[in-house]
Amino acid sequence: MKHIIAHLNKLFESRVRLGVMSVLVVNDWVEFNTLKEMLNVTDGNLASHLAALEKHQLIRVKKQFVGKKPKTTYQVSKAGRQAFEEHLNALEQLIKGPGKG
Amino acid sequence: MDQQQAQLEHLSEIRSLMERSSRFISLSGLSGITAGLSALAGAGWAYIRLNNLDRGQYDVLDLNLNTLTEMVLIAIIVLLFAIIMGIFFTTRNAKKHGQKIWDNLTKRLLINLMIPLVTGGLFCLVLLYHAILGLVAPATLVFYGIALINASKYTLNDIRYLGFCEICLGLISALFMGYGLLFWALGFGVLHIVYGTLMYFKYER
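Everything numeric here is computed off the predicted structure, so don't read it as measured data.

So what exactly am I meant to see when it comes to the overall build of chain A here?
Counting its secondary structure elements, chain A contains five helices and three strands. Each helix and strand of chain A, placed in order from N terminus to C terminus, yields the pattern α-α-β-α-α-β-β-α. For chain A, with 101 residues in total, the buried portion stands at 45%. Taking the intrachain contacts of chain A between residues at least 6 apart in sequence as the baseline, contacts between residues at least 24 apart amount to 58%. Total accessible area on chain A stands at roughly 6100 Å², and carbon and sulfur atoms take up 52% of it.

Laid out in structure tokens, this is it:
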């Protein structure tokens, strides 16, 4: 049991971060506003979680201007995809086999 | 145990987010049914008109320009009606799923649907130009099938099977030239109704 929990990534403990990663692994570059609507969170909340994920290099950020409006889009990094997959596997193990380990 | 319950909820939320963010799952089965019904009505209308002209076969080679225009007009009316009803039912369904009707997802879906569809449309124009009327119906069915399969990555995966059926029907109808209208009614009418009914009971009931 212990080593399974070790595989659960502390970074993904928050619902918002897990949500961001779920959306990003199945989509190429996603806009900030799209994420906000999908996850039903406030600007500030989402921004701080995105900053944390970016700091650990799990996601990549692209800032552009469309006309005069800034547009920020996000993409999952290779490390992020791997970390997310490991986290999901660990979750699955945890649910499937409580007797094991 | 509580811990496990919480993790289970996490997992189902992840799954739902992945689905909702990458596939347009709000395509309504009812729009398939109405599209099928209008196609059948259109085919019936065309059949009556052609029979009034004392022609035994549906797409004889000397079909004159007036009849051709009329057939194209019927097709356009059927198409418009099917699209309008489709948008109506799908918008209603999208509200239920909390999905937007016009966003990157639907744009991607439409672009991938349109690529084979426009190719097929142009190809049919070439067939008309060469007066190979007998292959128009098979070509529309085959290209429509390919379009559905191409679009299936961005919506309910079930639409793939409808695509396969349309392609098979199109290829069979290419062997039986002269029965274009019948195959059209089968492909765009009957298949849509069957598919729409299945989808309605699978996802919307």
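From this point on, the discussion continues.
Please clarify how the sheet that holds strand β1 (residues 30-31) of chain A should be interpreted in this entry.
Hydrogen bonding along the main chain pairs the strands of a sheet, whether they run parallel or antiparallel. Residues and elements named next belong to chain A. With antiparallel pairing, three strands are arranged side by side in an open sheet as β1-β3-β2. For this open sheet the edge positions go to β1 and β2 (59-66), each flanked by a neighbour on one side alone. Alignment of β2 against strand β3 (residues 69-76), held across eight bridges, turns out to be antiparallel. Within β3, the position partnered with Gln64 by the bridge is Lys71. Each of β1, β2 and β3 touches helix α2 (residues 15-25); the most contacted strand, β3, lies at about 85 degrees to it.

Can you help me understand the confidence of the model for chain B in this one?
Residue and element names in this part refer to chain B. With 93% of its residues at a pLDDT of 70 or more, chain B has an overall mean of 88. Within chain B, helix α6 (residues 159-175) carries the highest mean pLDDT (96), whereas helix α1 (residues 2-22) carries the lowest (80). Complex prediction metrics read pTM 0.78 and ipTM 0.72.

What is the right way to look at the interface of chain A and chain B in this model?
Interface size is commonly expressed as the accessible area that is lost once the parts come together. Contacts between the two partners involve 19 residues from chain A, matched on the other side by 15 residues from chain B. With both chains or domains summed, chain A and chain B bury close to 1600 Å², and 67% of this area falls on carbon and sulfur atoms. Counting the contacts that link chain A with chain B gives two salt bridges. With its nearest N and O atoms 3.2 Å apart, the salt bridge here joins Lys100 of chain B to Glu37 of chain A. For the pair chain A and chain B, the interface holds three residue pairs in polar contact (both at pLDDT 80 or more).

Would you mind going over the nonpolar core with me for this structure?
In this structure, Phe12, Val20 and Leu46 of chain A are the most contacted members of the largest nonpolar core, which totals 31 residues. Counting only elements with at least two residues in this core, the list comes to α2, α3 (32-39), α4 (43-55), β3 and α5 (78-96) of chain A together with α1 of chain B. With seven residues, the single largest contributor to this core is α2 of chain A. Not counting residues within four places of it along the chain, the set of residues in contact with Phe12 of chain A comprises Leu18, Met21, Leu53, Leu58, Ala83, Phe84 and His87 of chain A. Core analysis: the second largest hydrophobic core is formed by 19 residues, Leu113, Ile159, Phe183 and Met199 of chain B among them.

It is not clear to me how unusual backbone geometry should be interpreted in this structure. Could you clarify?
A negative phi angle characterises most non-glycine residues, just as the trans form characterises most peptide bonds. Non-glycine residue Asn40 of chain A carries a positive phi angle of around 60 degrees. By the secondary structure assignment, Asn40 of chain A is in the loop between α3 and α4. Under the relative-accessibility criterion, Asn40 of chain A is labelled exposed at 70%. The backbone phi angle of Ala131 of chain B is positive, close to 60 degrees, even though this residue is not glycine.

Could you clarify how one ought to interpret α6 of chain B in this entry?
Structurally, the α-helix is built with 3.6 residues per turn, so residues lying three or four positions apart point the same way. Its 17 residues place the ends of α6 of chain B 25 Å apart at the C-alpha level, agreeing with the 24 Å of an ideal helix rising 1.5 Å per residue. Where α6 of chain B is buried, its residues contact α5 (136-151) and α7 (180-204) of chain B.

Any chance you could explain the layout of surface pockets here in plain terms?
Its volume calculated, the second largest pocket comes out at about 670 Å³. The wall of the second largest pocket is formed by 25 residues, among which Val30 and Thr34 of chain A together with Asp103, Asn104 and Leu105 of chain B lie closest to the centre. For the lining of the second largest pocket, the secondary structure elements donating two or more residues are β1, α3, β2 and β3 of chain A together with α1 and α4 (104-129) of chain B. Among the residues forming the lining of the second largest pocket, the class breakdown is six nonpolar, nine polar and ten charged.

The rules behind each value
Residues numbered from 1 in each chain as written. Chains lettered and ligands numbered in written order. Predicted model: local features only at pLDDT ≥ 70, side-chain atom pairs only at ≥ 80, totals over all residues. Heavy atoms only, no water. Helix = DSSP H or I, 4+ residues; strand = E, 2+ residues; numbered from the N terminus. Buried < 20%, exposed > 50% of the residue type's maximum accessible area, 1.4 Å probe, protein only. Contact = heavy atoms within 4.5 Å. Areas by Shrake-Rupley, 256 points an atom, 1.4 Å probe, with all protein chains shown as cover. Pairing = 2+ DSSP bridges. Axes fitted to C-alpha atoms, helices over the stretch in contact; angles between N-to-C directions. pLDDT = per-residue confidence, 0-100. Buried area = accessible area lost by both parts, 1.4 Å probe. Salt bridge = Lys/Arg side-chain N within 4 Å of Asp/Glu carboxyl O. Polar contact = N/O pair within 3.5 Å; in protein donor to acceptor, adjacent residues only side chain to side chain. Core = buried A, V, L, I, M, F, W, Y, C linked by side-chain atoms within 4.5 Å. Expected span 1.5 Å × (residues − 1). 1 Å grid on protein atoms, 1.4 Å probe; cavity = no way out; pocket = protein on both sides within 12 Å on 5 of 7 lines; lining within 4 Å. Points joined across faces, edges and corners; volume = space filled by probe spheres on them. Nonpolar A, V, L, I, M, F, W, Y, C, P; charged D, E, K, R; others polar.

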